[in-house]
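# What the coordinates show
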Amino acid sequence: MALSLTLPTASGSLAPYALRGTAPAKPDAGVKFNRIAYSAAHVVADPLAAIDPWLQCAVDWDTTIAYRRHLFSLGLGVAEAMDTAQRGMGLDWPTSLELIRRSLNAAKDVPGALVASGCGTDHLNIDDVKSVDDVIRGYEEQMAAIEALGGKLIVMASRALARVAKSPADYERVYDRILSQAKQPVVLHWLGDMFDPALAGYWGTKDVDAAMNTALGIIAAHPDKVDGIKISLLDKDKEIAMRRRLPSGVRMYTGDDFNYAELIAGDGFGSEPTHGKSDALLGIFDAIAPAASAALGALAQGNTEKFHAILGPTVPLSRHIFAAPTRFYKTGVVFMAWLNGHQKHFTMVGGQQSTRSLQHFAELFRLADAANLLEQPELAVQRMKTLLSLHGVES
């Protein structure tokens, strides 16, 4: 008998829903990729901590690191302490540094495991930041702490820099200073204002093409210090245009959670191998990790049709999770981890589980089922029914 439950609809009514019953895709053992693939990973809150969730941060370290080990086992790298981990939305810098330390330690047990860690300025009191020099000192403090642990840097976009910079030249000065000091090539990070409104006008202008020119100029001045750039603009054409202009050896890490399948597959055009395809640094990979791994394995074997067959159905789910207000996408990522049994509760740092509606979760459940992403269907149904009951819906 098919599993079924009653779910809210977009009209506000209730309707029965029967699961498809299709088994999730599983990657082959020892899967190898021909793309670098980082999953930005979420943190698991400690629901038993005696704290004020809106004001303080408590992490369930064992479950959080266990999820990183799960991602490593699937061949995925971990982009640590990033937006998906609620950086700047509940996760403070001291906790972020501890998260980075624990993740790097866990990676030591996994041959070939990749970890890149978010380096920003979020420990600064933004009202006290008066100059570009203050921003530089903020970056340098986090940079030194992460590099002391042996970590690779993802130089995160800075709210403080967006606030005090007066021109593209201020961005050039900051990034020149940071890149000149980096001990190993870094990943740059361009997060659109749909992800964080405080980053509007990054690179010194609201004109995306002009902003791109500034970012490309910074990369061109330090090609040996830049592994790649992750851009999250949700505009595939802008990403492709920038990818075509990157210096030799500098990668485009797609952060486009709307169009990642076709961007990763690539089009093969360009004067450099990296011009014709994107690597990946994606928050959605946290929620679809087994499918992402299986698809990337198929792509590496030259089976593009299988790659799209596995990854294509996940795109509608991702577009739903990342729907406006996009900054609340973390809630959907953690919801998926709960449905699939990777954590025992649906509680988030900062109380962020409250940022989406029951209708949103109901549609997310349907789309996850349609994409064959429910790893334990019986458990997923049980947990969805629990959430429904908390909202007064008996299913």
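See the structure printed just above.
Rules used throughout
Residues numbered from 1 in each chain as written. Predicted model: local features only at pLDDT ≥ 70, side-chain atom pairs only at ≥ 80, totals over all residues. Heavy atoms only, no water. Salt bridge = Lys/Arg side-chain N within 4 Å of Asp/Glu carboxyl O. Helix = DSSP H or I, 4+ residues; strand = E, 2+ residues; numbered from the N terminus. Buried < 20%, exposed > 50% of the residue type's maximum accessible area, 1.4 Å probe, protein only. Contact = heavy atoms within 4.5 Å. Right-handed = clockwise from strand over helix to strand, strands pointing away. Pairing = 2+ DSSP bridges. Phe/Tyr/Trp six-rings, centres within 6.5 Å; stacked < 30°, edge-to-face > 60°. Arc of directions from axis to C-beta. Axes fitted to C-alpha atoms, helices over the stretch in contact; angles between N-to-C directions. Parallel < 35°, antiparallel > 145°, perpendicular 65-115°, else oblique. Left-handed = near helix turned anticlockwise from the far one by under 90°. Nonpolar A, V, L, I, M, F, W, Y, C, P; charged D, E, K, R; others polar.

On to the pattern of salt bridges. Two side chains of opposite charge can pair, provided their charged atoms sit close to one another. Applying the stated criterion across every chain yields a total of 18 salt bridges. Between Glu 98 and Arg 101 there is a salt bridge; the shortest N-O distance is 2.6 Å. Of this pair, Glu 98 and Arg 101 both sit in helix H2 (residues 93-107), separated by 3 residues, roughly a single helical turn. The exposure class assigned to Arg 101 is partly exposed, which follows from its relative accessible area of 32%. Residue Arg 173 is joined to Asp 133 by a salt bridge in which the shortest nitrogen-to-oxygen separation is 2.3 Å. Remark: Asp 133 occurs in helix H3 (residues 132-148) and Arg 173 occurs in helix H5 (residues 168-181); sequence separation between them is 40 residues. Classification of Arg 173 as partly exposed rests on a relative accessible area of 42%.

Now for unusual backbone geometry. In this structure, Pro 325 follows Ala 324 across a cis peptide bond, with omega equal to -5°. Of note, Pro 325 is situated in the loop between helix H12 (314-321) and helix H13 (329-339). A positive phi is found at Trp 203, a non-glycine position, where the angle reads about 75°. Looking at Trp 203, the relative accessible area reads 0%, which means it is buried.

When you tally the buried positions in H12, you get 6 out of 8 residues, the bulk of the element. Within the sequence span of H12, burial applies to Thr 314, Val 315, Leu 317, Ser 318, His 320 and Ile 321. Buried residues belonging to H12 abut helix H8 (260-265), helix H9 (284-287), helix H10 (289-300), helix H11 (304-311), H13 and helix H14 (358-370).

Judged by which residues are buried, strand E4 (residues 77-80) turns out to be covered on both faces: Gly 77 and Ala 79 on one side and Val 78 and Glu 80 on the other are all buried. Handedness of the strand E3 (residues 37-40)-helix H1 (residues 61-73)-E4 crossover: right-handed. Relative to strand E5 (residues 115-119), E4 runs parallel, the two being bridged by 3 bridges. In the strand pairing of E5, Val 78 is matched with Val 115.

Moving on to the packing of aromatic side chains. How two aromatic rings sit relative to each other is given by the distance of their centres and the angle of their planes. Using the criterion set out here, one finds 17 aromatic pairs in the structure. Arranged with centres 6.2 Å apart and planes meeting at 85°, the rings of Trp 190 and Trp 203 form a pair that is edge-to-face. Within this pair, whereas Trp 190 is found in strand E7 (residues 186-191), its partner Trp 203 is found in the loop between E7 and helix H6 (208-221), the two being separated by 13 residues in sequence. For the pair Trp 190 and Trp 203, a shared accessibility class is recorded, and that class is buried. Each ring, one from Phe 346 and one from Phe 361, has its centre 5.4 Å from the other, and the planes form 85°; the classification is edge-to-face.

Next up on the list: H11. Since there are 3.6 residues in each turn of an α-helix, residues three or four apart along the chain are aligned in direction. Taken as a whole, H11 has its buried residues at Phe 307, Ile 310 and Leu 311. Considered in projection along H11, the buried side chains sweep an arc of 85° and stay on one side of the axis. Opposite its buried face, H11 presents the exposed residues Glu 305 and Ala 309, each directed more than 90 degrees away.

Taken in spatial order, the 8 strands close into a barrel running E3-E4-E5-E6-E7-E8-E9-E10, and their pairing is parallel. Across the sheet, the mean angle separating the axes of adjacent strands is 25° when strand polarity is ignored. For E3 and strand E10 (residues 279-282), the ladder comprises 3 bridges, and the chain directions are parallel. When the bridges of E10 are listed, Ser 39 appears paired with Leu 282. On top of the sheet, H2 reaches E4 and E5; it is set at about 170° to E5, its chief contact.

What follows deals with the packing of H3 against H5. In contact at an axis separation of 10 Å, H3 and H5 are set at 25° when each is read in the N-to-C sense. Taken together, the axes of H3 and H5 are roughly parallel relative to one another. Crossing hand, H3 versus H5: right-handed. Across the interface between the two elements, Val 132, Asp 133, Val 135, Ile 136, Tyr 139, Glu 140 and Met 143 of H3 pack against Asp 170, Arg 173, Val 174, Tyr 175, Arg 177, Ile 178 and Gln 181 of H5. Classifying every residue of the contact of H3 with H5 gives 8 nonpolar, 1 polar and 5 charged.

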